[in-house]
Amino acid sequence: DFIAALYEMRLIFEPEAARLAATRITQTQRAALRAALEGITTLPRASAEHIAADLAFHRIILEATGNPVLRSFGAMIENSLSVSFSLSWQKAEKEQSLALHGQVAAAISSGDEELAALQMRRLISIAWKEVRMALAANPG
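Quick caveat: nothing in here was measured; it's all calculated off a predicted structure.

Visitor: Could you clarify how one ought to interpret the packing of aromatic side chains in this entry?
Guide: Centre distance and the angle of the planes are the two values used to describe a pair of aromatic rings. Under the defined criterion, the tally for this structure stands at two aromatic pairs. Relative to Trp-128, the ring of Tyr-7 lies with its centre 5.1 Å away and its plane at 20°, an arrangement referred to as stacked. On the criterion of sequence distance, the pair formed by Tyr-7 in helix H1 (residues 2-24) and Trp-128 in helix H7 (residues 113-137) is long-range, its members being 121 residues apart. Both residues of the pair, Tyr-7 and Trp-128, count as buried.

Here you go:
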């Protein structure tokens, strides 16, 4: 139930955070987002380092909104996100997930607000499906 609530909450605020980030991201944050994406792409799947890169990716987007409440909210739920990312990467169709992360980053970097929000919604929706599959495979 908690993980379902976490994904519901993410679907409410992360697409809008991506929308804001597309208009407010700095050059330094763009570089950090590219570095996090590189980690997601190259580090061993579901490793601690890979999960850390994925967390950084989402944290940078929240920071790029320039909204201190969103930034602190991301920090508050980071441990829960770490668990959910570990679950989603177990069942993730790696190429699809990598492509979606790249599409989110590209939309934000190019300033395309609508596409950033849409791609973030797609990324979270697919990750939620993967988490449900991981939980079904390992109910304990």
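Visitor: What exactly am I supposed to notice about the environment of His-101 here?
Guide: Along the chain, His-101 turns up in helix H6 (residues 94-110). Residue classification places His-101 among the buried positions, given a relative accessible area of 2%. On a C-alpha basis, the gap between His-101 and Asp-112 in space is 15 Å, while along the polypeptide they are 11 residues apart. A polar contact of 2.8 Å, which involves the side chain of His-101, links it to the backbone oxygen of Ser-97.

Visitor: I would appreciate a short explanation of H1 in the present structure.
Guide: With 23 residues, H1 should reach 33 Å at 1.5 Å per residue; the first-to-last C-alpha distance of 31 Å fits that figure. The largest bend along H1 measures about 35° and falls at Leu-11, with the proline Pro-15 one to four residues further on.

Visitor: Just checking my understanding: could you explain the pattern of salt bridges for this structure?
Guide: Oppositely charged side chains can pair when the atoms bearing their charge come close. Evaluated as defined, the whole model comprises four salt bridges. Taking the shortest distance from any N to any O, the salt bridge between Glu-16 and Arg-19 comes out at 2.8 Å. One end of the pair is Glu-16 and the other is Arg-19, both in helix H1 and three residues apart, which spans about a single turn. Owing to a relative accessible area of 37%, Glu-16 belongs among the partly exposed residues under this scheme. One salt-bridge network, in which partners are shared between bridges, spans Glu-16, Arg-19 and Glu-114.

Here is what the cut-offs are and how they apply
Residues numbered from 1 in each chain as written. Predicted model: local features only at pLDDT ≥ 70, side-chain atom pairs only at ≥ 80, totals over all residues. Heavy atoms only, no water. Phe/Tyr/Trp six-rings, centres within 6.5 Å; stacked < 30°, edge-to-face > 60°. Helix = DSSP H or I, 4+ residues; strand = E, 2+ residues; numbered from the N terminus. Buried < 20%, exposed > 50% of the residue type's maximum accessible area, 1.4 Å probe, protein only. Polar contact = N/O pair within 3.5 Å; in protein donor to acceptor, adjacent residues only side chain to side chain. Expected span 1.5 Å × (residues − 1). Bend = angle between axes of the 7 residues up to and from the residue. Salt bridge = Lys/Arg side-chain N within 4 Å of Asp/Glu carboxyl O.

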